[in-house]
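Structural overview
Residues per chain, in single letters:
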Amino acid sequence: MTGKSLIKQTVAQKESEKKFRLSVLVPRPFSGPLDYVCSQPLAPGTIVQVPLGRKEIMGCVWDADWRDVLPPDFRPARSQKFFDLARLKPILHVIEGAPIVPESLRRFIDWLSAYTLNAPGQVLAITLRVPLSGGMRPGLGWLLTKEPFPATLRLTPSRRAVIEAASSVEPQSTVELSEKSGASSAVIRGLAAQGILKETALKPEISFKKPDPFFHETLLSEDQKRSAQSLCERVKEQKFSVTLLEGVTGSGKTEVYFEALAKALEQQKQILVLLPEIALTAQWMERFSARFGVEPAIWHSDLGVKTRREVWLGAALGDVRVVVGARSALFLPFDNLGLVIVDEEHESTFKQEEGVLYNGRDMAIMRARLVSAPVILVSATPSLETLANVEQGRYQHEILQTRHGGAQFPEISLIDMKKDGPDRGLFLSPLLCESIDHSLNKGEQAMLFLNRRGYAPLTICRACGYRLQCPHCTAWLVEHRARGRMSCHYCEYTQPIPHECPECQAETSLVPVGPGVERIEEEARARFPEAKILSMASDTLSSPAATAEAVRKISEGEVNLIIGTQVVAKGWHFPNLTLVGVVDADLGLGGGDLRAGERTMQLLHQVSGRAGRGEKPGRVMLQSYVGDHPVMQALIDNDIERFMQQEAAQRKPGFWPPYGRLAALIISSAQERLADQISRELALNAPQGEGIQVLGPTPAPIAVLRGQHRRRILLRTRRNIALQPLIRLWLERVKTSRDVKVTVDIDPVSFL
Ligand code: ADP
Ligand code: ZN
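Residues numbered from 1 in each chain as written. Chains lettered and ligands numbered in written order. Predicted model: local features only at pLDDT ≥ 70, side-chain atom pairs only at ≥ 80, totals over all residues. Heavy atoms only, no water.

Here Glu347 shows up in the loop between strand 12 (337–343) and helix 11 (360–370). Setting aside its immediate chain neighbours within four residues, Glu347 contacts Pro276, Lys570 and Gln606. (Helix = DSSP H or I, 4+ residues; strand = E, 2+ residues; numbered from the N terminus. Contact = heavy atoms within 4.5 Å.)

If you want it as structure tokens, here you go:
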């Protein structure tokens, strides 16, 4: 060998030995990305397979300076050790064919993790949840490497067959390869281990049709046109803004925001519509198809793996133009997001209450800010948070004053249950029953609403006073007579309905106390034997198809008395429904919940909005024991604005949200003593200072949940004091035990 070529070779060798440090965020609760090495630099957002301990998992190449992009208050501490390159493990390989996780989504993940005080990897896990998960799950296939085969490779006949089968430009799944080659999946994995086959994301199979902004344009009323135009202006600006679209149910808010959506389509943008899970209905989809000619892509928690993967990839590649989904759709890797719409923005179900706790509505606003897109918040009864932002000029406001086509908002009246209540053991007052008779006789439909599943919320022994309770929770067992079970509504516990009292063994002494929808249905069947009754509850409607069938029966007039829980309140449009009876309007007002009044008002307003949506006027009757409560007064006077002003006036002086900030610490442990001890230590070390207040610890209203004893501490600050740095320092001051879990809930919605 000549001297020259020798030098050349060593340079080449050096080159090939060159190592690059890579930050990789993995879906695990570390405080930040981990460092790996790679023989080539990889762009942030690249999805890679890395070793972790004895496992191999999928991660995402992260920006080295991710911390610096966050506001200083929010930056998590730098706690990871810095290792020499030589000590770092190499990444295994790039998941080929997987799109880059866009920068805006990476910043969103960082921001959300800092805001909610969750590890960034736990937030990334939401993005990586199904579609491209590592290993041999569906969604990944194999491609032949382009490198020359190693000399050591033993080419058995079955290996040869696999290599032949795999020489295609498109990746193929394990099943496909094994069918074509006749070799087992072990052979395929063996070749992968040798680096002959590379794991690669399969191409999506569904091709998403493009919604057509001009497919069927709606002729808008003047009022609607004005709002639509202004929303379209926001879309055209292509910059961040928030607009509240407010209007009574039936005023055509959906039609109006469809115009903004059409405008964004015209601009070749992607659009995300967030709906509360319960409102993701066939009716909404049909309206979308009627307006835009095709169905939108859907995203929610029970999608099949295949659809999830396709929507995920479609969002990243830009094939998917419109996604309508539940809150987790915020974590889709949109390529070109240009509009975010949050319908029913006041809904408390936008709050994720397990795992990473975040408010979908608030995070939608951050998501839009990071891609410089406008947001439209839609509601008939906007939350106080949103109204305060409107008042302070941060959000714009569009109002639709009237129901479309001259329909009137129904007249709401009260039935005083203290005076005009039904006989003992019954729950439908004579006045309400007469009105139902009247509606049914006229050939119209009526609806009874009770936001409680099952037959009875409490079962008590007449002989000894014993109450049937969940063995794992501080909660009564709810009788579900149709299923023959007693169930806890806070955990999965269920048991058969007992025949005798478990305490005193008295027979036939157990009596149900209070109603659930099943009991109302029983009463209605006895009282209205002629009626065609349909019952709708979230636990009896087993599937979207079952819901669609129920809706069809109502729409086509096959039934005339509908009895249901929350599911009947949502967005439905039944023109022949003229009477809504609320069985227990007071339900929901109890308990120490900050927003109990606001939420009850919103729910009752929404369910009221089901009546009189067509030509015939509607009526609503509220059965209540507390008729002079501000919620009831606001509803019967149809003066929600006044009610919200009263709410604001109540919350302002104490700096309750939205006029201050709130976070909850939930301390839970299987050992009550430990829960108490850590709670006390947290209280002793609580942050102090002007504008900072700590409330608690107190036992949570559900003091025992799934066998865990729970204590709660609330931290409340003035608006100008960020909670996150206070909490971070606070938790660092207190040494907790492995047997105690401290959950931080920023902006809590549930106080259970
Ligand atoms: P909201 O979302 O405010 O409750 P919707 O958008 O559901 O109101 O509208 C209520 C009903 O009125 C729907 O059936 C809708 O199709 C109809 N509607 C509203 N605006 C128009 C319009 N401009 N032209 C025709 N139908 C309309
Ligand atoms: Zn339970």
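Around ligand 1, a shell composed of 16 residues is seen, among which Leu219, Gln224, Gly250, Lys253 and Arg287 lie nearest. One nitrogen or oxygen atom from the side chain of Lys253 is found 2.7 Å from an oxygen atom belonging to ligand 1. Summarising the interface, the protein chains cover 79% of the accessible area of ligand 1, which totals 550 Å² for the free molecule. In terms of residue class, the shell around ligand 1 is made up of three nonpolar, nine polar and four charged. (Near = heavy atom within 4 Å. Polar contact = N/O pair within 3.5 Å; in protein donor to acceptor, adjacent residues only side chain to side chain. Areas by Shrake-Rupley, 256 points an atom, 1.4 Å probe, with all protein chains shown as cover. Nonpolar A, V, L, I, M, F, W, Y, C, P; charged D, E, K, R; others polar.)

Let's shift gears to the sheet that holds strand 29 (residues 740–746). As summarised here, the arrangement of the four strands in space is 27-28-26-29, forming an open sheet in which the pairing is antiparallel. Pairing within the sheet leaves two strands with one partner each, and these edge strands are strand 27 (692–705) and strand 29. Ignoring strand direction, the axes of neighbouring strands in this sheet form an average angle of 20 degrees. One ladder, built from ten bridges, connects strand 26 (residues 660–669) with strand 28 (residues 708–718); its direction is antiparallel. Within strand 28, the position partnered with Leu665 by the bridge is Ile713. Docked against the sheet, helix 20 (residues 672–684) engages strand 26, strand 27, strand 28 and strand 29, running at close to 15 degrees with respect to strand 28. (Pairing = 2+ DSSP bridges. Axes fitted to C-alpha atoms, helices over the stretch in contact; angles between N-to-C directions.)

All right, on to the coordination of the zinc ion (ligand 2) then. Within the protein, the zinc ion (ligand 2) binds to Cys470 (SG), Cys473 (SG), Cys488 (SG) and Cys491 (SG); these donor distances fall in the range 2.3 to 2.4 Å. Taken together, the four donor atoms coordinating the zinc ion (ligand 2) and their angles of 105 to 114 degrees define a geometry best described as tetrahedral. Of note, the zinc ion (ligand 2) draws all its donor residues from one chain, in the sequence arrangement C-x2-C-x14-C-x2-C. A residue pair is termed long-range when its members are at least 10 positions apart, and Cys473 in the loop between strand 17 (458–461) and strand 18 (478–480) and Cys491 in the loop between strand 19 (485–487) and strand 20 (494–496) qualify at 18 residues. Side by side, Cys473 and Cys491 carry an identical accessibility label, which is buried. (Donors = N, O, S within 2.8 Å, 3.2 Å for Na, K, Ca; no water. Tetrahedral: all angles 85-135°; square planar, octahedral: opposite > 155°, others 65-115°. Buried < 20%, exposed > 50% of the residue type's maximum accessible area, 1.4 Å probe, protein only.)

What follows is about the packing of aromatic side chains. Scanning the model with the defined rule gives eleven aromatic pairs in all. Centroid distance Trp284 to Phe288: 5.7 Å. Interplanar angle 20 degrees. Geometry classified as stacked. Placement of the pair is Trp284 and Phe288 together in helix 9 (residues 282–292), with a separation of four residues, close to one helical turn. Comparing Trp284 with Phe288 shows no difference in burial state: the two are buried. An aromatic cluster is defined as three or more aromatic residues linked by ring pairs; in this entry it consists of Tyr257, Phe258, Trp284, Phe288 and Phe292. Above the face of the Tyr455 ring, Arg481 is positioned so that its terminal group lies 3.8 Å from the ring centre. (Phe/Tyr/Trp six-rings, centres within 6.5 Å; stacked < 30°, edge-to-face > 60°. Lys NZ or Arg CZ within 6 Å of the ring centre and 35° of its normal.)

Let us look at the pairing of strand 26. Of all ten residues in strand 26, nine are buried; the element is thus mostly enclosed. Strand direction decides the pairing type here: strand 26 and strand 29, joined by seven bridges, are antiparallel. In the strand pairing of strand 29, Ile667 is matched with Val742.

The interhelical angle for the contact between helix 2 (residues 103–116) and helix 11, taken along N-to-C directions, is 140 degrees, at an axis separation of 9 Å. Read as a crossing pair, helix 2 and helix 11 show a hand that is right-handed. Residues Ser104, Leu105, Arg107, Phe108, Trp111, Leu112 and Tyr115 of helix 2 touch helix 11, and the partners they reach there are Met363, Met366, Arg367 and Leu370. Looking at the contact of helix 2 with helix 11 residue by residue, the classes come out as eight nonpolar, one polar and two charged. (Left-handed = near helix turned anticlockwise from the far one by under 90°.)

So, about the nonpolar core. Ranked by size, the top nonpolar core spans 77 residues in total, and within it Leu272, Val323, Leu330, Leu332 and Ile727 carry the most contacts. Tallying contributions element by element places helix 2 first for this core, with seven residues. Apart from the residues lying within four places of it in its own chain, the contact partners of Leu330 are Leu105, Phe108, Leu272, Leu274, Tyr358, Gly360, Met363, Ala364 and Arg367. Among the nonpolar cores identified, the runner-up in size contains 40 residues, and Leu534, Met601, Leu622 and Met632 belong to it. (Core = buried A, V, L, I, M, F, W, Y, C linked by side-chain atoms within 4.5 Å.)

Turning our attention to the environment of Ser23. Here Ser23 lies in strand 1 (residues 20–25). Taking relative accessible area as the criterion, Ser23 reaches 15% and is therefore assigned buried. The spacing of Ser23 and Met447 is 424 residues in sequence and 57 Å in space, taken between C-alpha atoms. Filtering out sequence-adjacent residues up to four positions away, Ser23 remains in contact with Pro33, Leu34, Asp35, Cys60, Val61, Trp62 and Ala64.

This part covers helix 17 (residues 596–608). In this model helix 17 runs 18 Å from its N-terminal to its C-terminal C-alpha over 13 residues, within 8% of the 18 Å that 1.5 Å per residue would give. The element helix 17 is extensively covered by neighbouring structure, given that twelve of its 13 residues are classed as buried. Considered for burial, the residues of helix 17 that qualify are Ala596, Gly597, Glu598, Thr600, Met601, Gln602, Leu603, Leu604, His605, Gln606, Val607 and Ser608. (Expected span 1.5 Å × (residues − 1).)

Our next topic: the packing of helix 17 against helix 19 (residues 640–651). Relative orientation of the contacting elements helix 17 and helix 19 amounts to 165 degrees, with a least axis distance of 11 Å. As the angle between them shows, helix 17 and helix 19 are arranged roughly antiparallel. Read as a crossing pair, helix 17 and helix 19 show a hand that is left-handed. Here helix 17 contributes Gly597, Glu598, Met601 and His605 to the contact with helix 19, which in turn contributes Ile640, Phe643, Met644, Glu647 and Arg651. When its residues are assigned to classes, the contact of helix 17 with helix 19 shows four nonpolar, two polar and three charged. (Parallel < 35°, antiparallel > 145°, perpendicular 65-115°, else oblique.)

Domain parsing of the chain yields domain 1 (3–132), domain 2 (140–201), domain 3 (222–405), domain 4 (408–452 + 515–649) and domain 5 (660–746). Taking only C-alpha atoms, the centre of domain 3 and the centre of domain 5 are 34 Å apart. (Domains from an automatic or database assignment.)

With that settled, consider unusual backbone geometry. Note that the residue after Pro657, namely Pro658, is joined by a cis bond; omega there is 5 degrees. Structurally, the position occupied by Pro658 is in the loop between helix 19 and strand 26. A cis amide bond, omega 5 degrees, links Gly696 with the succeeding residue Pro697. Inspection of the secondary structure puts Pro697 in strand 27. Of note in this structure, Glu344 is not a glycine but carries a positive phi near 55 degrees. Take Glu344: it is sitting in the loop between strand 12 and helix 11. Glu344 sits in the buried class, given a relative accessible area of 14%.

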